[in-house]
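Structure at a glance
Below are the chains, spelled out letter by letter.
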Amino acid sequence: MIITIDGPSGTGKSTVAKKLADTLGWIYFDTGAMFRTLAYGVIKYEIDLNSEPQLGYFLAHFPVTLKKQNGVTHFFLDDEDATMHLRRPDVTEMASKISTIQAVRQTLAIAQRKLAISGGSSIFDGRDMGTVIFPHADLKIFLTADPQIRAERRYLELVAKNPDPTLTEERVLADILERDTRDMTRDIAPLKPAEDAHVIDTSALSIDEVVAAIKKHIPGP
Ligand code: C5P
């Protein structure tokens with residue numbers, strides 16, 4: 001069985017998906033982290049995004065692998081554990097940028113579908129899981145939330161991980177809105193709810209309340 005959870009950043013997707021997977025004993029796949037690992041590779045190897053041969057070679061030797069260590073998924077770029085770099089602002093910006101490139105999306109689409117085949121019952125979070133990658137998913141969820149609240153959540157998450165006195169909630173809001181616009185207006189796999197998705201506004205809900213709301217929709221055996 002597959003559950004897809006899509007939506008913009010700061011809606012609680014990853015936290016909700018992880019918690020739901022834990023309570024169900026299912027596997028959780030964070031597809032944003034796959035985009036981020038590739039983005040980290042583009043930066044590390046100085047891939048010229050305007051050079052088709054360079055990008056093509058980089059993608060053909062798909063460098064991203066997921067390894068579970070002590071119950072936590074680590075994202076590897078070739079032999080390097082890239083997990084600790086994935087939330088860096090430059091990696092975040094690059095992930096958003098490469099997500100508009102068709103060849104990048106096609107490569108990750110194959111990787112994501114392979115994970116579903118090998119993974120058993122799974123929860124995938126991302127932007128196009130319900131619309132493009134798994135159109136026949138058993139349950140599709142689309143999370144939304146007020147942009148101001150999403151910015152507040154993302155700001156608290158960022159400063160908890162890496163205290164930065166120059167970071168403000170306004171900056172985080174501006175960045176979120178810019179990346180949302182890029183996600184929603186790109187030609188390929190734009191961010192939008194699938195027609196058969198259940199849309200849940202998480203603005204006023206706790207993580208547990210969102211998990212409970214999703215559980216109500218899980219089809220029975
Ligand atoms: O979810 P997260 O913020 O980690 O995703 C990083 C970036 O990857 C997003 O800004 C989005 O542009 C892109 N993404 C995507 N499709 C997905 C997952 C992420 O385009 N399925």
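Shown above is the structure to which this text applies.
Described in the following lines is the structure provided in the data block. For every chain, the first residue of the written sequence is number 1, and numbering continues from 1 onward in sequence order. Under the rules for a predicted model, residues below a pLDDT of 70 receive no local features and side-chain atom pairs below 80 are neither given nor counted, while totals for whole chains, interfaces and linings still include all residues. Hydrogens and water molecules were not included; the side-chain quantities draw on all heavy atoms of the structure.

Turning next to the overall build of the chain. For helices the rule is a DSSP run of H or I covering at least 4 residues; for strands it is a run of E covering at least 2, with both sets numbered from the N terminus onward. Counting its secondary structure elements, the chain contains nine helices and eight strands. To get the radius of gyration, use the C-alpha atoms; to get the globule rule, take the number of residues to the power 0.38 and multiply by 2.2 Å. Computed over the C-alpha atoms, the radius of gyration of the chain is 17 Å, within 12% of the 17 Å expected from 2.2 N^0.38 for a compact globule of 221 residues. Projecting the C-alpha coordinates of the chain onto the three principal axes gives extents of approximately 45 × 45 × 40 Å. Put simply, the chain has 221 residues, and 45% of those count as buried. Long-range contacts, defined as pairs at least 24 residues apart, comprise 73% of the intrachain contacts of the chain with a sequence gap of at least 6. Residue burial considers only the protein chains on display, and all accessible areas are found by Shrake-Rupley using a 1.4 Å probe. When the accessible area of the chain is evaluated, it comes to approximately 11300 Å², of which 55% is carbon and sulfur surface. The sign given to each residue is positive for Lys and Arg and negative for Asp and Glu; His and the chain ends receive no count. Charge positions come from single atoms, namely NZ of Lys, CZ of Arg, CG of Asp or CD of Glu. If the 26 positive side-chain charges of the chain are averaged to one point and the 31 negative ones to another, these points end up 3 Å apart. Relative accessibility under 20% of the residue-type maximum defines a buried residue, over 50% an exposed one, and the middle range a partly exposed one, all with a 1.4 Å probe and only protein chains included. Note on contacts: a residue pair is in contact if any heavy atoms of the two residues lie within 4.5 Å.

Let us now look at the side chain of Asp-125. Structurally, Asp-125 can be placed in strand β6 (residues 122-126). Of the polar contacts made by the side chain of Asp-125, one reaches the side chain of Tyr-28; its length is 2.5 Å. Pairs of N or O atoms within 3.5 Å make up the polar contacts considered here, provided that, within protein, one atom can donate a hydrogen while the other can accept it, and that residues adjacent in sequence are counted only when both atoms are side-chain atoms.

Structurally, the position occupied by Arg-105 is in helix α5 (residues 102-119). Those residues in contact with Arg-105 that lie beyond four places of it in its chain are Phe-35, Ser-99, Asp-128, Arg-186, Ile-188 and Ala-189.

This part is about the site of the ligand. Every one of the 15 residues lining the ligand counts as a neighbour, but Arg-36, Arg-105, Arg-127, Asp-183 and Arg-186 are closest to it. Arg-105 places a side-chain nitrogen or oxygen 2.8 Å from an oxygen atom of the ligand. In the environment of the ligand, an oxygen atom lies 2.5 Å from a nitrogen or oxygen atom belonging to the side chain of Asp-183. Considering the ligand on its own, with 450 Å² of exposed area, one finds that the protein chains cover 98% of that surface. Put simply, the parts of the chain that give the shell around the ligand at least two residues each are α2 (31-44) and α4 (89-98). The element contributing the most residues to the shell around the ligand is α2, with four residues. Split by residue class, the shell around the ligand holds three nonpolar, five polar and seven charged. Throughout this document, a residue counts as near a molecule or strand when at least one of its heavy atoms sits within 4 Å of that molecule or strand. Here the term charged refers only to Asp, Glu, Lys and Arg, the term nonpolar to Ala, Val, Leu, Ile, Met, Phe, Trp, Tyr, Cys and Pro, and the term polar to all other amino acids, Gly among them.

This paragraph deals with the sheet that holds β6. The pairing of strands in a sheet happens through backbone hydrogen bonds and is either parallel or antiparallel. One requirement defines pairing of two strands: DSSP has to find at least two bridges between them. Strand order across the open sheet formed by five strands is β2-β6-β1-β7-β8, with parallel pairing between neighbours. Unpaired on one side and paired on the other, β2 (27-30) and β8 (198-201) mark the two borders of the sheet. This sheet shows a mean twist of 20 degrees between the axes of neighbouring strands, independent of strand direction. For every element, the axis is a line fit to its C-alpha atoms; helices are fit only across the contacting stretch, and the angle between N-to-C directions ranges from 0 to 180 degrees. Helix α1 (residues 13-24) rests against β1 (2-6), β2, β6 and β7 (139-144) of the sheet, and its axis sits at about 180 degrees to β6.

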